[in-house]
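Descriptive structure summary
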Amino acid sequence: MNVPVAKPPLGGADGAIPIGAVVSVIDRVEKFLAGARCFPKLEEDRASLELLLAQVKQKQASLETPLRVLLLGGTGVGKSSLLNALAGADIARVAATRPTTRELTAYFHKDTGSASLGALEANAKLIAHERDALKDKLLVDAPDFDSTARENRELLERALESTDLALVVVTPEKYVAHELFAMLEKWRDSVAFVFVMNKADRAQELPTIVADLKRELERRRFKDPRVLALSAAEARAGRTAGDWQSLVELLERELDRVRIREIKASKLQDRVRALVDRLEAAVPGDVPARLEAWRLGWRAALSDLTADLGHSFFGALRSDFELRNVLGYLFGTSMGGAFGAFMTAVYGVRAILQPGFTRARRLTARELDELIGDRLRAVDPASVERRVQLVLERFEDEGRRAGFHVVDTVGAGGTAGLERAGLPASVSALVAAVRTESARRFYDVFEETLGAGKIGASSGRLAWNALPLAVVGFAIYAFAAKIVHELSSAHAFDAMLVVGQAPHLLQATLVSWVIACTIQWPLAERTIQKRIAQSFDLLEGVVARAVQECLGAAVLARPEKALEEVAARFQELDRLRKDARRALSSETAPSRERGVREAPPQDLGREPAGTKRPSRRVVTEG
Amino acid sequence: MDLEQLARDLAELGFVPGTETATQDARRLARCRRLLDVKLRFEARRGKNASPIVAVAGGTNVGKSTVFNWLAQESISRSSPLARFTKWPAVYVHESERNALADASFLPGYQKLVLERGEQLSQDDDGLRVFVKWHARDDAKAVVLVDSPDIDSTHERNRTVAQDLLDLADAVVFVATPEKYNDEICVEYLREASRIGKRLICVLNKSSEPEVLADFEKVVTDLVPKEHRALVRVFAIPYVPQPGPDAQGPWRDVLRREAAAPGQAGEAVRDRALKGTRRRLARELREVSGRLREELSVLDRLRADADAKIAQSTEAYRAFLSSLDFYELDRVYERIIDHFKIPVLDDVYGGVRKAAGAVSDAVARTVTGRQEEDARTIKMRERRERDRAKVKELFEVARSQVAKLPESVGGPLAKVAPGWVPPPPTLDQVNGDVDRFLQRADEDTDRWVDEQTRAHVQFFKAHPYLKAGLRVMKGTFQIGFGIVSAYLTGGLLHGGPIEGAVSGLLTERAIKIVVDNMGGFMHYQTLKSDYTRARAELFRWLLETQVRSPFMDRLPEGSGPDQLARVDEAARALDREGAE
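Residues numbered from 1 in each chain as written. Chains lettered and ligands numbered in written order. Predicted model: local features only at pLDDT ≥ 70, side-chain atom pairs only at ≥ 80, totals over all residues. Heavy atoms only, no water.

Overview of the packing of aromatic side chains
Per the counting criterion, the structure on display carries 21 aromatic pairs over all chains. When the centroid spacing of 5.9 Å and the interplanar angle of 75° are considered together, the rings of Phe193 of chain A and Phe222 of chain A count as edge-to-face. Within this pair, whereas Phe193 of chain A is found in strand β6 (residues 192-197), its partner Phe222 of chain A is found in the loop between α6 (206-219) and β7 (227-229), the two being separated by 29 residues in sequence. Taking the relative accessible area as the measure of exposure, Phe193 of chain A reaches 6% and is therefore buried. Seen in terms of ring centroids, Trp294 of chain A and Phe404 of chain A are 5.1 Å apart; in terms of plane orientation they differ by 25°. Their pairing is stacked. In this pair, Trp294 of chain A sits in helix α10 (residues 287-318) while Phe404 of chain A sits in the loop between α15 (381-401) and α16 (406-410), placing the two residues 110 residues apart along the sequence. Using a relative accessible area of 3% as the deciding quantity, one classes Phe404 of chain A as buried. Clustering of aromatic rings is evident, with ring pairs tying together Phe39, Trp294, Trp298, Phe395 and Phe404 of chain A. Positioned over the ring face of Phe222 of chain A is Arg188 of chain A, at 5.8 Å from the centre of the ring. It is Arg98 of chain B that lies over the ring of Trp134 of chain B; its NZ or CZ is 4.4 Å from the centre. (Phe/Tyr/Trp six-rings, centres within 6.5 Å; stacked < 30°, edge-to-face > 60°. Helix = DSSP H or I, 4+ residues; strand = E, 2+ residues; numbered from the N terminus. Buried < 20%, exposed > 50% of the residue type's maximum accessible area, 1.4 Å probe, protein only. Lys NZ or Arg CZ within 6 Å of the ring centre and 35° of its normal.)

Spelled out as structure tokens, the structure:
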């Protein structure tokens, strides 16, 4: 009787489309959505994405349920009349006053049951039938969406969420209504639509009106909309006219089990694809580059902070003249030998006269630690804390500048989170750590530079002490030469007289030693100042390193972790996207070229290919 | 009541774009303007004795054009089974109204054209148009008929036009069908019409079922307040198979009587519509000005908060500065002290000291091989480092505090407030700003030191007696004490002149040092407080240019309080004039 509708082979022969891969994609999307909170657009769209996901999951759950067909339309267009005509009985209330229907009427096969309505079952009037032709379909008459009864709208929205196919009922009087189109556009992607132009018998110029409706639909990206013009009232009265037969055929034969599952599966895939596309659109593609910019900005901020804090800590030491004196004393008294004795004497006198030197004379390692601790205490911890906090804020700023949603990177979605509240403790820990570390290293520096002085003793110090020694040696030599000379000239008594001059010799020797040392003294001071400068330079490095180590360990490692987290999220999405593409394309190969195909299974709402129409006409007329 | 002033004020008002309620607010403001432009300003020009305007309105395909033609008794608007067929409103009006309708105040923003053929009404085009059909029929003089486009189709512009026509009209012939009479859009339209005080003539077209008519009547009367129900008419027109302009029936008389021939009631109808419009406008104006005031107060608070944060940071910097030592100031008071030199004596000492200093410097340089700077330079450098760190810190603190201000904004503005935060400067920018500030501060310091010195020099130049007096006082102290101490140590009397002179001079020098330093110290405090204030002001300049103005520039303007006050005043006046 009928030419069977040609269907492209899909999935298994029994119509079981493998959807395992799609299901895993859905699960991963859900996991990704729950975890990723660092992409601003994603956060903006979160509510709608989650809604979409919920719908997808619902679609997934309803794959095996009967096809749910919803009669949708404005008030008074004859939805209930249409259902009555389809059922061949007055199952839904029909009246002239508006709005009539305020509840759902479900018309289903008694074997199939109405369980797939879910929570809506409570709001619905349930009518079971035994017509096997309509076995796997659940027809639902919905209330309107445009009357003053606003509660109807809510009910309808809920019904639409679990609808697979909507029969949109319009009339010649009410077919371009603003609210209808707002609703159609909202549900365009998740529900298949077939349009029914009711009350066709009362219309003048019906073809013009149908063409006008089609044009309007196409303008709103409904491709090849399928419009069936008929009159429910006539059909109910038994006079089938217009496209009534096409509608019956659509519901009874065209929509068999396999077709139903195809529609559902392809709608599910459409939705999953839309979901993945939306996800993709919400996450910018150049995340790695942005992340790198973020990382660079953040690292720059960190090194800036380290340098600044190093300055603060070190500035506290450098301007300390007591420390300078301490160093001067240590270096001064560490010079051994003949000249060293002179320097020890000089600094000994200064130590007695100048309080700084007095203390330096008795300085131990522990005291040095305390001394440095004192100096570092002068660094205001509150100010350091503010700086650290500002750097963390800078981290967030850089993140925002790079286009990330940062509050959540640092917070819930990120790592353990940067506990701002824990900062003060960390900062005092930082100050303490810098202090201990720099005191230890400071003493090392002393030892090192002192050692350098001592090591110099072997070769350098000999030369260094040569001048005073030479002076002393020459004096002794001159004296001895005099005695020898006197002895050799056999003036033994004279020689005794020379020996009697020994105290003068001693005095002269001492004086020449002092003079020699005084000449060397400026050079020695120059060396001491150099060593002081050198040890301060060494110390600066030590402090900077200590600051860096302490900062890195104490607080600032966390942003790095957050950065890695974001990168991981993006990679996850990338993998997800690829897997989704593979899963979706393997199951409905031509899905990307939807517009090109002739009779795609999910395009129920479209006009069938031209060849079929005449055959139907024949059937209708026959 | 100055409508023109109100129009100017309304034109100047505007909401912050992008807020949660932006669309709604903008629509409300636009509605205020339309109510004023379309109705009140037009009526003000139109004069007392003009005929009421009757608009035919309704959803698509209900038969508006048919009803319009029946009312005009002439085939003017083409009716069609296609929905939203009529694109433009048509006005059917007696020639005596030519002046009023030719005026610019008639439907401002519309292109006004003369209707020659019915087809003109269904030709689509951009912009807004109204077609006028003149007639000279005295029997149709009592009203001005307007055919409105539909109110419920997908055609957005039709709804705008329908709203304008509703505002313009004094009475509305609302056409409904059994299918559409309880559509929300229709009911909302009727509600608005009744709210503005329009007379309502409701036609249930294509139906003669009493049940439906009763339901329609109930819907309509529920909308209208009790006291106005007498002014509402509801009646049905049965389905007419051939609805040409000549179609006949008893309903035609009813239609004509109710809509096209108000007779003596015309003036009352116009008066009521005008008063209703005034009350409606007053209400909308109050809403608008309330919302604008809300926005303005948020913006004002943000501005004040930003200023407070800047002031706070400046104050913190000033407090920090006063804990520092400024060696630059030495230069000022050293030069001032220089002014009180006692001639000859100090010159001699100064010369000697200078020579001794040069020698000792040379010796010291050779002896210590000083590679490091002297103590003062080191301290100055250290102070500069601290200063830099502090400036950077306070600068960043101020920036982040100001950037956080919009977070505190609640309400509809919360959605756009984050956009007012200027993008954070890069680290290089911050460091550059701070360095520039310090450089400028140094330059300012030099200038300030020079100025202070010059000011003091000027002062002493202007008051030579003061300078001389001080110098004499100082000299008396020094030399007097010197001589006294020379006596006391016995130098002058017993120990001989050399010992006396030595002890006298030593005392003189010691006292000079004390006197100089005392004056210097006291002066230092004054100078320092001046100096820190000047420097803090400079810091404020930094904050204002780099923190405050980027933020303020991004804050929307908000509406002028003057306009708002006038708008409120206008709302009160409209309420008075609109009272029934």
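Brief notes about the pattern of salt bridges
Inspection of the entire model under this criterion finds 89 salt bridges over all chains. Among the salt bridges present, the one from Arg153 of chain A reaches Glu184 of chain B, with a minimum N-O distance of 2.9 Å. Within this pair, whereas Arg153 of chain A is found in helix α4 (residues 150-161), its partner Glu184 of chain B is found in helix α6 (residues 184-195), the two belonging to separate chains. Take Glu184 of chain B: its relative accessible area is 11%, and that puts it in the buried class. Taken together, the shared-partner salt bridges in this structure form one network comprising Arg28, Arg31, Asp167, Glu192, Arg195, Arg280, Glu284 and Glu287 of chain B. (Salt bridge = Lys/Arg side-chain N within 4 Å of Asp/Glu carboxyl O.)

Some points on the layout of surface pockets
The calculated volume of the second largest pocket comes to roughly 1200 Å³. Along the walls of the second largest pocket sit 28 residues, with Arg27, Arg31, Arg159, Gln163 and Glu192 of chain B positioned nearest its centre. For the lining of the second largest pocket, the secondary structure elements donating two or more residues are α5 (178-187) of chain A together with α2 (22-46), α5 (156-168), α6 and α9 (265-322) of chain B. The dominant element in the lining of the second largest pocket, judged by the number of residues it contributes, is α5 of chain B, at 8 residues. Of the residues contributing to the lining of the second largest pocket, the split by class is 6 nonpolar, 4 polar and 18 charged. (1 Å grid on protein atoms, 1.4 Å probe; cavity = no way out; pocket = protein on both sides within 12 Å on 5 of 7 lines; lining within 4 Å. Points joined across faces, edges and corners; volume = space filled by probe spheres on them. Nonpolar A, V, L, I, M, F, W, Y, C, P; charged D, E, K, R; others polar.)

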